[in-house]
Amino acid sequence: MKYYIIVGEASGDLHASRLMRSLRAVDGDAEFRFFGGDLMSAVGGTRVKHYRELAYMGFVPVLLHLRTIFSNMALCKRDIVEWQPDVVILVDYPGFNLDIAKFVRASTSIPVYYYISPKIWAWKEYRIKNIKRDVSEMFSILPFEVQFYEGKHHFPIHYVGNPTASEVAEFFASYSEPFGAFCRSNSLQVGKPIIALLAGSRRQEIKDNLPAMLEAASRYADKYQLVVAGAPSIPHDYYAKFISGHDVSVVYDRTYPLLAHSCAALVTSGTATLETALFGVPQVVCYETPIPKVIAFLRKHLIKVRYISLVNLIADDDVVPELVADTFTVDNIARELGRLLPGEPARAAMLGGYAEVKKRLGKENAPDNAANIMVKLLSGKSGQQA
């Protein structure tokens, strides 16, 4: 069968590449065409556009690149119609993908599957109308989404397990590099423990978050070495203007090995918060926002969930500190980081919370489960309407 897959960022590239491998294991004739990244290309198929050409974040960057965004959307729609896949699989990235879903549903008979739901339970819940209208099947990776979709909105979905949990478990099963070897291979100091800085995978996130992270973590630079996780989609020289004047290193495209050897981390909200928890690394979640007082008001009165980090959302508890909007300050970041360093009581409490998160995620293999369901539906073997 022919699978057309659309992702818009680095985490989507990772999850989609795993799904592609699982689809190929179930469907030996699988053909892939996609908007994606290097990991998907390594699996095989035809890449139409790299996600780096899609990933614009924030009002001004989006406004400045509207022509490019609309051009990419038009190309994607034409390409789907010309290739006539058996299914279009969307991976998160709702601003782009929900428009594609609307077009595919209105203009073709191709089913639309959504792997990794947009976070409409937190913001823009009105999008449920579009999803119910345009998405044939939803494949959820967060356990609390079942109640949101099925209980609240009466839209049946498939909870397939969490791919990040599977990816981290697979990494641990094959990774054995000692701390000293990791440090030497990345030009780090062998004798100093690591505080990792995960400032996001997009330029705007890095610009907004990394300076404050560096200033806060630098207060502990006498005993710990600071290491930035370089995002695969960001040119190496982009980090230079932020790290200049700081005693800090950057490790590129090795976030999992970096987390495996870190004793604490400052993390921008997103999939990285869950990855950090699954590695057992105590963390402070930091997310700078424009007009912080206004955002703090909106968060209190309009945003539908209590938390912004996946760790706290899954646990439904205050496992990790979240410094967002008016609480995002250098002093707050530094204070919370200090509470999580080795020997501090808050560190053990957070690790106990991580155990609950792992329990709730379970041990299902998300890409394998999703691939099996997808192929069954597309083959008409399940008796359900795709």
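The rules we used
- Residues numbered from 1 in each chain as written.
- Predicted model: local features only at pLDDT ≥ 70, side-chain atom pairs only at ≥ 80, totals over all residues.
- Heavy atoms only, no water.
- pLDDT = per-residue confidence, 0-100.
- Contact = heavy atoms within 4.5 Å.
- Pairing = 2+ DSSP bridges.
- Helix = DSSP H or I, 4+ residues; strand = E, 2+ residues; numbered from the N terminus.
- Axes fitted to C-alpha atoms, helices over the stretch in contact; angles between N-to-C directions.
- Buried < 20%, exposed > 50% of the residue type's maximum accessible area, 1.4 Å probe, protein only.
- Core = buried A, V, L, I, M, F, W, Y, C linked by side-chain atoms within 4.5 Å.

**Q** When you look at the confidence of the model for the protein in this model, what are you seeing that I'm missing?
**A** Should the pLDDT be low somewhere, the predicted coordinates at that spot are not to be read in detail. Of the residues in the protein, 91% reach a pLDDT of 70 or more, and the chain-wide mean stands at 90. Counting contacts from residues 291-299, a segment whose pLDDT is below 50, to residues more than four positions away or on other chains yields 14 contacts. Here residues 382-386 scores under 50 on pLDDT; set against residues more than four positions off or in separate chains, the count is 11 contacts.

**Q** Explanation requested: the sheet that holds strand β9 (residues 225-230) in the structure shown.
**A** Strands in a sheet are paired, the pairing made by backbone hydrogen bonds, and the direction either parallel or antiparallel. Strand order across the open sheet formed by 6 strands is β10-β9-β8-β11-β12-β13, with parallel pairing between neighbours. Among the strands making up the open sheet, the edge pair consists of β10 (248-252) and β13 (322-324). On average, each strand axis in the sheet is inclined to that of its neighbour by 25°, with strand direction left out of account. The pairing of strand β8 (residues 194-198) with strand β11 (residues 262-267) spans 5 bridges and is classified as parallel.

**Q** What is the right way to read unusual backbone geometry from this model?
**A** Most peptide bonds take the trans form, and the phi angle of most residues other than glycine is negative. With a phi angle near 80°, I116 is a residue other than glycine that sits in the positive phi range. In this structure, I116 sits in the loop between β5 (112-115) and α6 (128-134). In this structure, K124 is a non-glycine residue whose phi angle is positive, near 65°. Tracing the sequence through the fold places K124 in the loop between β5 and α6. We classify K124 as partly exposed; its relative accessible area is 33%.

**Q** What exactly am I supposed to notice about the nonpolar core here?
**A** Note that soluble globular proteins tend to have their nonpolar side chains buried in a common cluster. Judged by nonpolar contacts, the single largest core of 136 residues is most densely connected at Y3, I5, I6, I89 and Y115. For I5, the contacting residues outside a window of four places in its chain are A16, M20, F32, R33, F34, F35, M40, I89 and V91.

**Q** How should the sheet that holds strand β2 (residues 31-36) be read in this particular structure?
**A** Reading across from one edge, β3-β2-β1-β4-β5-β6-β7 is the order of the 7 strands in this open sheet, with parallel pairing throughout. Unpaired on one side and paired on the other, β3 (46-50) and β7 (158-159) mark the two borders of the sheet. Both strand β1 (residues 2-6) and β2 contribute to a ladder of 5 bridges, which runs parallel. The partner of I5 across the bridge, within β2, is F34. Packed on one face of the sheet, helix α18 (residues 366-379) meets β1, β4 (87-91), β5, β6 (137-140) and β7 and runs near 170° to β5.

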